[in-house]
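Listed below, chain by chain, are the residues.
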Amino acid sequence: EPEVTQTPSHQVTQMGQEVILRCVPISNHLYFYWYRQILGQKVEFLVSFYNNEISEKSEIFDDQFSVERPDGSNFTLKIRSTKLEDSAMYFCASSGQGVSPLHFGNGTRLTVT
Amino acid sequence: EDQVTQSPEALRLQEGESSSLNCSYTVSGLRGLFWYRQDPGKGPEFLFTLYSAGEEKEKERLKATLTKKESFLHITAPKPEDSATYLCAGYSSASKIIFGSGTRLSIRP
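Positions within a chain are numbered from 1, following the residues in the order the chain's sequence is written. By the order in which they are written, chains take letters starting at A while ligands take numbers starting at 1. Only residues with pLDDT of at least 70 get local features here, since the model is predicted, and only at 80 or more are side-chain atom pairs given and counted; chain-wide, interface and lining totals rely on the full set of residues. As a convention, hydrogens and water are excluded, and side-chain values are obtained from all of the structure's heavy atoms.

Visitor: Break down the nonpolar core for me, citing the residues and quoting the values.
Guide: Leu 33, Trp 35, Leu 73 and Tyr 86 of chain B are the most contacted members of the largest nonpolar core, which totals 23 residues. Secondary structure elements follow DSSP: runs of H or I no shorter than four residues count as helices, runs of E no shorter than two count as strands, and numbering proceeds from the N terminus. Contributions of two or more residues to this core are made by strand S2 (10-14), strand S3 (19-26), strand S4 (32-38), strand S5 (45-50), strand S7 (62-66), strand S8 (70-75), strand S9 (84-91) and strand S11 (103-108) of chain B. Residue contacts are defined here by distance: any two heavy atoms, one from each residue, within 4.5 Å place the two residues in contact. In this structure Leu 73 of chain B touches Ser 19, Ser 20, Leu 21, Trp 35, Phe 48, Leu 62, Lys 63, Ala 64 and Tyr 86 of chain B, once residues within four positions along its chain are discounted. By size, the runner-up hydrophobic cluster in this structure holds 21 residues, among which are Val 4, Leu 46, Val 47 and Cys 92 of chain A. Residue types Ala, Val, Leu, Ile, Met, Phe, Trp, Tyr and Cys, when buried and joined through side-chain atoms within 4.5 Å, form a set referred to as a nonpolar core. A simple rule labels every residue: compare its accessible area, found with a 1.4 Å probe on the protein chains alone, to the largest value its type can have, and call it buried under 20%, exposed over 50%, or partly exposed in between.

Pasting the structure below:
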């Protein structure tokens, strides 16, 4: 069964550094998402992406965040200058057309020190 | 404002003890209700989609039902491997997906 893959599984970075989290969505999906989950808390929406542009973003997704689909398969989340509070699990998800469930990857655990 | 509320926050059951998890929603023009299972350190795993009130879906020991205000995930004779966090999410008429906070289910052998 096709799946969403994310790399790396764990990323440790120093405060102020830039990180890029990578995702390969399911190949025939058209909608792409990033969510984050701080340890023990709920899954929080960051951004959705369709037709090569952001379709919606949350208040969390400020100017420090950006997303890109650099080619036909990858979908990336960049954090320009990481803060301690960015430490969380970041999940990528994709979905097909219509009322279609999101399929999630297994996440990247980001630790900012 | 669209909202999805899950209860209880945590539920501890004995193996074999059936129960239900609740997902209440106020989602404008609900077009679908999703259930997910999340294991620690993993991404949510899709379980079911329910599209309209009265619909039911089953998978092994799990059965999901939907009314106009809430959805239930019934767990029949659970086993320890059913221990996980269960999430529900509503899909609105504006194509937004709103997640609840989840129910942490723990099944004791």
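Visitor: Hey, could you go over the pattern of salt bridges for me, with residue numbers and the actual values?
Guide: It is possible for side chains bearing opposite charge to pair when their charged atoms get close. Residues and elements named next belong to chain B. Here a salt bridge means any side-chain nitrogen of Lys or Arg lying within 4 Å of a carboxyl oxygen belonging to Asp or Glu. Evaluated as defined, the whole model comprises six salt bridges over all chains. For the salt bridge of Asp 82 with Arg 61, the shortest nitrogen-to-oxygen distance reads 2.8 Å. Placement of the pair is Asp 82 in the loop between S8 and S9 and Arg 61 in the loop between strand S6 (56-59) and S7, with a sequence separation of 21 residues. Asp 82 gets classed as buried once you look at its relative accessible area, which sits at 6%.

Visitor: Can you explain the interface of chain B and chain A? Please cite residues and give values.
Guide: Interfaces are often sized by the accessible area lost when the parts come together. Counting from both sides, the interface comprises 19 residues of chain B and, opposite them, 18 residues of chain A. A buried area of about 1500 Å², summed over both sides, lies between chain B and chain A, and 61% of it is on carbon and sulfur atoms. Ranking the residues of chain B by area buried against chain A places Pro 44, Ile 97 and Phe 99 of chain B at the top, with a combined share of 29%. Inspection of the chain B/chain A interface yields one salt bridge. A salt bridge links Glu 56 of chain A to Lys 96 of chain B, with the shortest nitrogen-to-oxygen separation between them at 3.4 Å. Here a polar contact is taken to be a pair of N or O atoms separated by no more than 3.5 Å, where protein atoms must pair a possible hydrogen donor with a possible acceptor and residues adjacent in sequence count only if both atoms sit in side chains. Inspection of the region where chain B meets chain A yields six residue pairs in polar contact (both at pLDDT 80 or more). Secondary structure elements with two or more residues in the side of chain B that touches chain A: S4, S5, S9 and strand S10 (97-99) of chain B. For the side of chain B that touches chain A, the element with the most residues is S4 of chain B, which contributes four residues. By convention, the term buried area covers the 1.4 Å-probe accessible surface removed from two parts as they join, with the contributions of both added.

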